Structures are given as structure tokens and as C-alpha cells.
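# Examining the three-dimensional arrangement
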Amino acid sequence: KGGIAHTEILLPQNAPQEFSDRGTLWNSVEKIEKSKNSQLARNLLFTLPRELNEQDRIKLISEFIEENFTSKGMIADCNIHNPMASDHEEQPHAHILLTLREIDEQGNWKAKSKKEYILDENGEKIKLKSGNYKSRKVNLNDWNEPDKAKEWRENFSKKANGYLERNNIQKR
């Protein structure tokens, strides 16, 4: 997209520094996701307060990303755009692409889920007619939980309102 006011890749502490390069990062994501229908990233969009200056908008979104995503092991590819809105005012907003896998202490991608066998009342695996055992997929983090988006939205509102208050701006 054109009209980018700021672009940055924010990494967790243990992520390889080469992931600061957009091409290297997303090529690695595509390589690790082997299933043909894998989701490669989560795309979030946040409207930034037009009342803040560009520097404060960058600080706001960077702090929000650190507190909610990179501190949890996600890598965030953030792009801030600032086109003109229909009211001829600024329309600053941030697009954030998040990785869906965590990075381990050695800088390697971790699994998103694991297989868990379902046990009968005696604690034994349940065998199916096919010869396989009955199992279910268990996510290894809570990033896909339905309430996460709501939590992130509330956290962003609090962070943005704090910035507005510190700059003596009445709007919330």
C-alpha cells in the first residue's frame, strides 16, 4: 500500500534479528506453515487518534504492540498510514500483521497446537474403527480465543486514552 507514514517490525527478545527484514520474516512463516490451508498471520487494524502528532502515534502503537503481542512471543509487522478522510482531515491508522506461532528461546518457531488423545473411563486411549485413536487438537497459546480481540481492543482504548490525557486533549 502507498502512503505509509511509518513501518516497523517489532520482535520478541529471542527472535532472530534477520526477522527485522520483512521478506526474511514472511518467507520463514510461509516455510514453517506446511498445510495448504494454513493461516499465515493475523491482520489487525487500529484507528489512531488524529489529535496526536505522528511521533506520539508511533510511540502509542509501539508500546501497545510490545505490551500485548511481542512480550507474548508474537512478531508484529506494523505499518501506519495517514490518508485524507472524507472530512478532509487526517485518517491515521495502523495495520498490524501478527505471526501465529511463538518463537522459542533458541529463535525457532514453536508449534501452534498439539494432539491430545481422548481417554476412556479407565484412562485408556479410545481406538476407532479405522485403527487410529480418538484425539483432539489443543492450542498451545490463547491467541485464537474468541475474547482475545475484545481484550486487545480494550487495551488499545486505554493506551490511546492515556496518550490523549497526557497531551491535555479532552477527546476520548
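The following paragraphs examine the structure supplied in this document. All of these numbers come straight from a predicted model, not from anything done at the bench.

Thresholds, definitions, all that
Per chain, the residues get numbers from 1 upward, laid out in the order the sequence is written. Whole-chain, interface and lining totals are the exception, using all residues; otherwise, since this is a predicted model, local features are given only for residues with pLDDT of at least 70 and side-chain atom pairs are given and counted only at 80 or more. Hydrogen atoms and water are omitted, and side-chain values are computed over all heavy atoms in the structure. For two strands to be treated as a pair, DSSP must find at least two bridges joining them. Runs of H or I in DSSP of at least four residues are treated as helices and runs of E of at least two as strands, each being numbered from the N terminus. To obtain each axis, a line is fitted to C-alpha atoms, and for helices this fit is confined to the stretch in contact; angles are then taken between N-to-C directions over 0 to 180 degrees. Here, two residues are considered to be in contact whenever any of their heavy atoms come within 4.5 Å of each other. Buried means the residue's accessible area, taken with a 1.4 Å probe over protein chains only, is under 20% of the maximum for its type, while exposed means over 50%, and partly exposed covers the values in between. Polar contacts here mean pairs of N or O atoms no more than 3.5 Å apart (in protein, one a potential hydrogen donor and the other a potential acceptor; neighbouring residues in sequence count only if both atoms are side-chain atoms). When a carboxyl oxygen of Asp or Glu lies within 4 Å of a side-chain nitrogen of Lys or Arg, that pair is called a salt bridge. Geometry of aromatic contacts follows a simple scheme: Phe, Tyr and Trp rings, the Trp one being its six-membered ring, pair when their centres are within 6.5 Å, and the pair is stacked under 30 degrees between planes, edge-to-face over 60, tilted otherwise.

### A short note on the sheet that holds strand β1 (residues 4-10)
As summarised here, the arrangement of the four strands in space is β1-β3-β4-β2, forming an open sheet in which the pairing is antiparallel. With one partner strand each, in any of the chains shown, β1 and β2 (41-47) form the two edges of the open sheet. With direction set aside, neighbouring strand axes in the sheet form an average angle of 15 degrees. One ladder, built from six bridges, connects β1 with strand β3 (residues 76-81); its direction is antiparallel. Of the residues in β3, the one forming a bridge with I9 is D77. This element, helix α1 (residues 22-32), spans β1, β2, β3 and β4 (93-99) of the sheet and lies at about 45 degrees to β4.

### Overview of unusual backbone geometry
Backbone geometry places H88, a non-glycine residue, at a positive phi of 65 degrees. Assignment of secondary structure puts H88 in the loop between β3 and β4. With a phi angle near 55 degrees, N168 is a residue other than glycine that sits in the positive phi range. Counting through the fold element by element, N168 comes out in the segment after α3 (148-166). Residue classification places N168 among the exposed residues on the basis of a relative accessible area of 67%.

### Overview of the side chain of R57
Looking at where R57 falls in the secondary structure, it is placed in helix α2 (residues 54-68). Accessibility expressed as a relative area gives 5% for R57, which makes it buried. A distance of 3.1 Å separates the side chain of R57 from the backbone oxygen of R50, its partner in a polar contact. With residues up to four places along the chain from it excluded, the contact list for R57 reads L48, P49, R50, L52, I80, N82, E90 and P92.

### Some words on the pattern of salt bridges
Inspection of every chain in the model, using the stated rule, returns 12 salt bridges. A salt bridge links K171 to E51, with the shortest nitrogen-to-oxygen separation between them at 3.3 Å. Here E51 lies in the loop between β2 and α2 and K171 lies in the segment after α3, a separation of 120 residues in the sequence. You can call E51 partly exposed: its relative accessible area is 31%. Note that K148 and D142 form a salt bridge whose closest N and O atoms lie 3.3 Å from each other.

### Points about the packing of aromatic side chains
Under the criterion given, the structure shown has seven aromatic pairs. Plain terms: the ring middles of F64 and F69 are 5.4 Å apart, the flat faces sit at 90 degrees to each other, and that makes the pair edge-to-face. An identical accessibility class is assigned to F64 and F69; each is buried. On the basis of an interplanar angle of 75 degrees and a centroid distance of 4.9 Å, the ring pair of F69 and W152 is categorised as edge-to-face.

### Concerning the environment of K112
In this structure, K112 sits in the loop between β4 and β5 (113-117). C-alpha separation for the pair K112 and V138, spaced 26 residues apart in sequence, amounts to 8.7 Å. In this view, K112 contacts E33, Q39, L100, R101, V138, N139 and L140; residues no more than four positions away in its chain are not counted. Here the side chain of K112 touches E33 through a polar contact of 3.2 Å, side chain to side chain.

### A short note on the pairing of β4
Among the seven residues in β4, six count as buried, and that is most of the element. Strand direction decides the pairing type here: β2 and β4, joined by seven bridges, are antiparallel. Its bridge partner lying in β4, T47 is registered against H93. Inspection of the sheet shows β3 paired to β4 by six bridges, in the antiparallel sense. Looking at the pairing, A76 lines up with L98 of β4.

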